[in-house]
Amino acid sequence: MGILLKNVQKVYKSGDVEVQALKNVSLTLPEGTISVILGPSGSGKSTLLNVIGGIDRANGGEVHIFDQAIHEFNDDQLTEYRRKYVGFIFQSYNLIPTLTVYENVEVGAEISESPLPIDEVLKGVGMYDKKDKFPQQLSGGEQQRVAIARALVKNPRLLLCDEPTGALDEETGKTILRLLQDVHRQFGTTILIITHNQGISAMAHWVVKMKSGELVECAKNEHPIDA
Ligand code: ADP
Ligand code: ADP
């Protein structure tokens, strides 16, 4: 199984206030599928993604990713898991401003055991001709492509995307989605995408809906369409 969550709980405490960000979330998603996570702001989408990606720890329940019980991992094992299996793409591109496009992607390659060739990945996202530019010389869409290249160069089995098109105009957003679909076709990557964009849900194999920390729906999309 790709992703298997059983009764996952996550509570955030700040002072006397407790927020139940995830309430008894159970979920199975097969390896090699594209899934979207929908839901209003504050419903637990990012928390769910972070628990699956080993950025955040659940307080209870079980998290199995590619048949590994990551809820039982210690900090070193969790770091190793993230390095080996997971690529992250966020809404804010988080590129290093003092490094060129090429060097930013190199950072991703260096932490991987089986990186893809940097030049090939840059060509794949259409940024090879700008490999010597710095992030501030690029448009938002271009920066997001570099951030995607940095995640992809690791050749991750699991690609987690938190609002990857949130800061982009519609046309650029579509380009990014096509890119994710291409990656899926080429490598069979398991992809999870948090989004408010209905167009993204149309291309997904599975649609997961969150509300107030609960998983309210996990539905198979029998006819995913091309982005
Ligand atoms: P979104 O709603 O788009 O997921 P947020 O602005 O809610 O984004 O969250 C951005 C980041 O801030 C996330 O990493 C989240 O874990 C963190 N965060 C959200 N709410 C709180 C909070 N009440 N206290 C501390 N950190 C928070
Ligand atoms: P979403 O991604 O759907 O916007 P989040 O997972 O970011 O939702 O947040 C779920 C709930 O947990 C929200 O009430 C948010 O304020 C809270 N939360 C998220 N991260 C933190 C944090 N680091 N500290 C405290 N509360 C948080």
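A brief look at the structure comes next. (Residues numbered from 1 in each chain as written. Chains lettered and ligands numbered in written order. Predicted model: local features only at pLDDT ≥ 70, side-chain atom pairs only at ≥ 80, totals over all residues. Heavy atoms only, no water.)

1. What about helix α2 (residues 75–85)?
- Within the span of α2, buried status applies to Leu-78, Tyr-81 and Tyr-85. Take α2 and look down its axis: the buried residues cluster within an arc of 65 degrees, on one side only. Along α2, the residues that are exposed and aim more than 90 degrees away from the buried face are Asp-75 and Asp-76.
- If you follow the buried residues of α2, they end up packed against α1 (45–52), β4 (60–65), β5 (68–69), β6 (86–90) and β7 (158–162). (Buried < 20%, exposed > 50% of the residue type's maximum accessible area, 1.4 Å probe, protein only. Helix = DSSP H or I, 4+ residues; strand = E, 2+ residues; numbered from the N terminus. Arc of directions from axis to C-beta. Contact = heavy atoms within 4.5 Å.)

2. A closer look at the packing of helix α5 (residues 140–152) against helix α6 (residues 170–187)
- For the pair α5 and α6, interaxial distance at closest approach is 10 Å and the crossing angle is 15 degrees. Regarding the angle of α5 to α6, the classification is roughly parallel. With respect to the hand of their crossing, α5 and α6 are arranged in right-handed fashion. When α5 is examined against α6, the residues Gly-141, Gln-144, Arg-145, Ile-148 and Leu-152 are found in contact with a partner set consisting of Thr-172, Thr-175, Ile-176, Leu-179 and Val-183.
- Residue classes in the contact of α5 with α6 are distributed as five nonpolar, four polar and one charged. (Axes fitted to C-alpha atoms, helices over the stretch in contact; angles between N-to-C directions. Parallel < 35°, antiparallel > 145°, perpendicular 65-115°, else oblique. Left-handed = near helix turned anticlockwise from the far one by under 90°. Nonpolar A, V, L, I, M, F, W, Y, C, P; charged D, E, K, R; others polar.)

3. Quick look at the packing of aromatic side chains
- Inspection of the entire model under this criterion finds three aromatic pairs.
- Between Tyr-81 and Tyr-85, the aromatic rings sit 5.9 Å apart at their centres with planes inclined by 40 degrees, giving tilted as the arrangement. Of the two residues, Tyr-81 and Tyr-85 are both situated in helix α2; the distance of four residues between them amounts to about one turn of the helix. For the pair formed by Tyr-81 and Tyr-85, the shared burial category is buried.
- On the basis of an interplanar angle of 5 degrees and a centroid distance of 5.9 Å, the ring pair of Phe-88 and Phe-90 is categorised as stacked.
- Grouped by ring-pair contacts, the aromatic residues Phe-66, Tyr-81 and Tyr-85 constitute a single cluster.
- Above the face of the Tyr-128 ring, Lys-123 is positioned so that its terminal group lies 4.9 Å from the ring centre. (Phe/Tyr/Trp six-rings, centres within 6.5 Å; stacked < 30°, edge-to-face > 60°. Lys NZ or Arg CZ within 6 Å of the ring centre and 35° of its normal.)

4. Quick look at the site of ligand 2
- As a structural note, the neighbourhood of ligand 2 is formed by Tyr-12, Val-19, Ala-21, Pro-40, Ser-41, Gly-42, Ser-43, Gly-44, Lys-45, Ser-46 and Thr-47.
- Here an oxygen atom of ligand 2 and a backbone polar atom of Gly-42 are 2.7 Å apart.
- At a separation of 3.0 Å, an oxygen atom of ligand 2 approaches a polar backbone atom of Ser-43.
- Protein contact buries 61% of the 550 Å² of open area that ligand 2 shows by itself. (Near = heavy atom within 4 Å. Polar contact = N/O pair within 3.5 Å; in protein donor to acceptor, adjacent residues only side chain to side chain. Areas by Shrake-Rupley, 256 points an atom, 1.4 Å probe, with all protein chains shown as cover.)

5. Overview of the sheet that holds β4
- Ordered in space as β2-β1-β4-β5, the four strands form an open sheet in which the pairing is antiparallel. In this open sheet, the two strands that pair with only one neighbour each are β2 (17–29) and β5.
- In terms of strand pairing, strand β1 (residues 3–14) meets β2 through nine bridges, oriented antiparallel. By the bridge assignment for β2, Leu-5 is matched with Leu-27.
- Strands β1, β2 and β4 of the sheet are contacted by α1, whose axis makes an angle of about 120 degrees with β1. (Pairing = 2+ DSSP bridges.)

6. Structural notes on the pairing of strand β10 (residues 214–220)
- Relative to β10, strand β9 (residues 206–211) is paired through six bridges, and the arrangement is antiparallel. Bridging from a neighbouring strand, Trp-206 pairs with Lys-220 of β10.
- Hairpin geometry of β9 and β10 is characterised by an intervening segment of two residues between the two adjacent antiparallel strands and by a positive phi of about 50 degrees at Ser-212.

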